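Here's the letter readout for the chains.
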Amino acid sequence: MLEGFTENRIVIEKSQKSLTFIFISSCCEYWGGSEELWSETARYLSSHGFKVASFKNSVRNDNRIKQLRADGIKVRDIHILILFLRKFSFFLEKNIPFLINLKVFYLKISSWFTKKRNSTLFVISQGENFDGAEIAKLCIQFDLPYIIISQKASDSVWVHGRRRRMMQDMHRQAKASFFVSQHNLFLTQAQIGYKLTNAEVIKNPYRVDISQPLRYPQTENDVFKIACVGRLWILDKGQDILLSVLAQEKWKNRDLHISFFGNGVDREALIDMANLLELKNVSFPGFVENIVDIWHDHHALIMPSRAEGLAIALVEAMMCGRMGIVTDVGGVSEVVEDDITGFIASGASFQEIDKVLERAWQRRYEWENIGKEAFISIRKLIPPYPERIFADKLVQLCQSDVPIQI
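Attention here is on the structure that accompanies the text.

Criteria and thresholds
- Residues numbered from 1 in each chain as written.
- Predicted model: local features only at pLDDT ≥ 70, side-chain atom pairs only at ≥ 80, totals over all residues.
- Heavy atoms only, no water.
- Buried < 20%, exposed > 50% of the residue type's maximum accessible area, 1.4 Å probe, protein only.
- Helix = DSSP H or I, 4+ residues; strand = E, 2+ residues; numbered from the N terminus.
- Arc of directions from axis to C-beta.
- Contact = heavy atoms within 4.5 Å.
- Pairing = 2+ DSSP bridges.
- Right-handed = clockwise from strand over helix to strand, strands pointing away.
- Axes fitted to C-alpha atoms, helices over the stretch in contact; angles between N-to-C directions.
- Core = buried A, V, L, I, M, F, W, Y, C linked by side-chain atoms within 4.5 Å.

1. Brief notes about helix 2 (residues 63–70)
For helix 2, the full list of buried residues reads Arg-64, Ile-65 and Leu-68. Down the axis of helix 2, the smallest arc covering the buried residues is 100 degrees, so these residues share one side. Residues of helix 2 that are buried sit in contact with helix 1 (36–47) and strand 3 (75–77). Backbone geometry just downstream of helix 2 places Gly-72 in the positive-phi region, at approximately 85 degrees.

If you want it as structure tokens, here you go:
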């Protein structure tokens, strides 16, 4: 049972029904793993009687958006607004008043709302650790309480100049800053040159609900099947490195097949690259709605990522009893123990991916037992229903003087 919650519901004081939560996703993708925390938390709060609204940078009427709307949560597209704010960030930094009015117009915040700011909280969910800076700046100017979620921080992406100053202000003046890994928290502090005293690590929700490891699939003709799960976006996910590694004759001649699950802007480029390299042991099945379906017939996960927060795909694979072959980025080493619950490459390079895949291959007949260790380990590290824990934190932050009855 979760601390602060009953088994099936949270009991809320009548006075808390007036609390309002405004979720704003500044991530530029139509949907990704970074959207799961805010959306599941919004659904949970709404189902318990809180007032919830949401705004997102780029909206496509896919299943996730339909699910939110079916639960009574409107999702408004603010893509044009965010483009405008970023283009004219100089005026935003100089506190030009008309931009504040523009924000009020787009978010449709009426006069009664601004008078009740103590019972309202903005939840700014970022795909990175800086893409919500303009929205946060407007909250600061308009004296609206907000918190920040950072889903990723990249060692190779450091913002500078005006954007960095806005990033500093955003984290310093937030009621709280939440990160999905210790790595991302520490790196963000280095990037802004400031130690955050209001920061905390939280976990993302996952879509696996099983109490035992999935049955380990039989190998057909001794062929081992590995799934590479994630958005097909080379900049972060590094699938191009893996394809280059697989082009070596030793991998072409081994009984190994790798399935690249997911969609993204680089799908066509990766398929063309695989054809150019004459790879016969790879496939691109596309996006799979039920992640558990992948692990019924794949033996392991591989993620050659250049940058991550804490990949939900990795957590879900371990929850299913499958080990990961991964790079040491983001929070990976916080949940995977090298040679015990998976295999970790020291970096996202040709040499390191080849080396870690070779280490794993030499122990391929142990993958089932390593997956079982991963199944046990991840449940000690990731709580069930992280969105409920996060929702409880938001309620406390929104109106700390209102008692919560459990």
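2. Concerning the pairing of strand 12 (residues 323–327)
Along strand 12, 5 of the 5 residues are buried, which leaves the element largely enclosed by surrounding structure. Neither face of strand 12 is open: one carries Met-323, Ile-325 and Thr-327, the other Gly-324 and Val-326, and all of them are buried. Looking at chain direction, strand 11 (residues 300–303) and strand 12 are connected through 4 bridges and run parallel. Residue pairing for strand 12: Met-303 is matched across the bridge by Val-326. The handedness of the strand 11 to strand 12 crossover, carried by helix 14 (residues 312–319), is right-handed. Where strand 12 lies against strand 13 (residues 342–345), 4 bridges are found, and the strand directions are parallel. Residue pairing across strands places Val-326 opposite Ile-344, the latter belonging to strand 13.

3. As for the sheet that holds strand 10 (residues 282–286)
Reading across the sheet, the 6 strands line up as 10-9-8-11-12-13 and stay open at both edges, with parallel pairing between neighbours. Because the sheet does not close on itself, it has two edges, and the strands there are strand 10 and strand 13. Between one strand and the next, the sheet's axes are offset by a mean angle of 20 degrees, whatever the strand orientation. Helix 14 contacts strand 8 (224–229), strand 11 and strand 12 of the sheet and is inclined by roughly 165 degrees relative to strand 11.

4. Side note on the nonpolar core
Core analysis: the biggest nonpolar cluster contains 33 residues, and Ile-226, Leu-242, Leu-246, Ile-258, Leu-357 and Trp-367 have the highest contact counts within it. When neighbours within four sequence positions are excluded, Ile-258 is seen to be in contact with Ile-226, Cys-228, Leu-242, Leu-246, Asn-281, Val-282, Ser-283 and Ile-302. Of all hydrophobic cores here, the second largest spans 32 residues; its members include Ile-291, Ile-312, Ala-313 and Val-326.

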